[in-house]
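Overview (structure and organization)
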Amino acid sequence: RWILVGDHQQLRPVTQGEHAEREVTRSIFEHLHAHGYPCAMLQQSYRMNAALVAFPSACFYAGQLASAACAAERRLEAKPGGRYAEILAPERAALFVDLAHEGNPTRSFEEAE
């Protein structure tokens, strides 16, 4: 018996071009879910702290996703000062950084910097 582990609500696969076949634009988990295969929800995230989990939990998982106790208060350990101090501030769990750039079809040096 095979068991696949994944999430049909995660980001879709990156595809280029136009594809007539819908299966090409969906993940295997989306495909299986759409065809009624059974699934179970894991209710704890061990990667995201409580503040980060709050948004996807409310918007995609009906409030059922929570941060595991070992990750709930986790924060980035950043050195004070420097060029990216505001972005890497450990007291902020989430921050949107609007970075203007265009014409980067496969790489973004601006985002990497």
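Please refer to the structure higher up on the page.
In this report, we go over the structure that sits alongside the text.

Calculation criteria
- Residues numbered from 1 in each chain as written.
- Predicted model: local features only at pLDDT ≥ 70, side-chain atom pairs only at ≥ 80, totals over all residues.
- Heavy atoms only, no water.
- Helix = DSSP H or I, 4+ residues; strand = E, 2+ residues; numbered from the N terminus.
- Contact = heavy atoms within 4.5 Å.
- Areas by Shrake-Rupley, 256 points an atom, 1.4 Å probe, with all protein chains shown as cover.
- Buried < 20%, exposed > 50% of the residue type's maximum accessible area, 1.4 Å probe, protein only.
- Polar contact = N/O pair within 3.5 Å; in protein donor to acceptor, adjacent residues only side chain to side chain.

On to the overall build of the protein, then. Across its full length, the protein carries 3 helices and 2 strands. Written out in order from the N terminus, the α and β elements of the protein read α-β-α-β-α. In the protein, the proportion of contacts linking residues at least 24 apart, taken out of those at least 6 apart, comes to 27%. As displayed, the protein has an accessible area near 9900 Å², and 56% of this comes from carbon and sulfur atoms.

To continue, consider the side chain of asparagine 49. Within the secondary structure layout, asparagine 49 lies in the loop between strand S1 (44-45) and helix H2 (50-60). The exposure class assigned to asparagine 49 is buried, which follows from its relative accessible area of 6%. Separated by 2.9 Å, the side chain of asparagine 49 and the backbone nitrogen of leucine 52 make a polar contact.

Below, the discussion takes up the environment of serine 57. Looking at where serine 57 falls in the secondary structure, it is placed in helix H2. Judged by relative accessible area, serine 57 falls into the buried class, the value being 6%. C-alpha separation for the pair serine 57 and glutamine 43, spaced 14 residues apart in sequence, amounts to 9.4 Å. Sequence-distant contacts of serine 57, defined by excluding residues within four places in its chain, comprise Ala62, Gly63, Gln64 and Leu65.

So, about the environment of arginine 26. Checked against the element boundaries, arginine 26 lands in the segment before helix H1 (28-34). In this structure, the C-alpha to C-alpha distance between arginine 26 and histidine 8, residues 18 residues apart in sequence, is 8.8 Å.

A separate point is the environment of methionine 41. Checked against the element boundaries, methionine 41 lands in the loop between H1 and S1. Owing to a relative accessible area of 33%, methionine 41 belongs among the partly exposed residues under this scheme. Put simply, methionine 41 and glutamine 64 are 23 residues apart on the chain and 8.7 Å apart in space, counted from C-alpha to C-alpha. Once residues within four sequence positions are removed from consideration, methionine 41 is found in contact with Tyr61, Gln64 and Leu65.

Attention now moves to the side chain of serine 67. Among the structural elements, serine 67 can be located in strand S2 (residues 66-67). Among the polar contacts listed, one links the side chain of serine 67 to the backbone oxygen of methionine 48, at a separation of 2.7 Å. Of note is the side chain of serine 67, whose polar atom sits 3.3 Å from the backbone nitrogen of alanine 72. Once residues lying within four places of it in the same chain are set aside, the contact partners of serine 67 are Ser45, Met48, Asn49, Ala50, Val53 and Ala72.

Positive phi outside glycine occurs at alanine 62, with the angle close to 50°. Here alanine 62 shows up in the loop between H2 and S2. Classification of alanine 62 as exposed rests on a relative accessible area of 67%.

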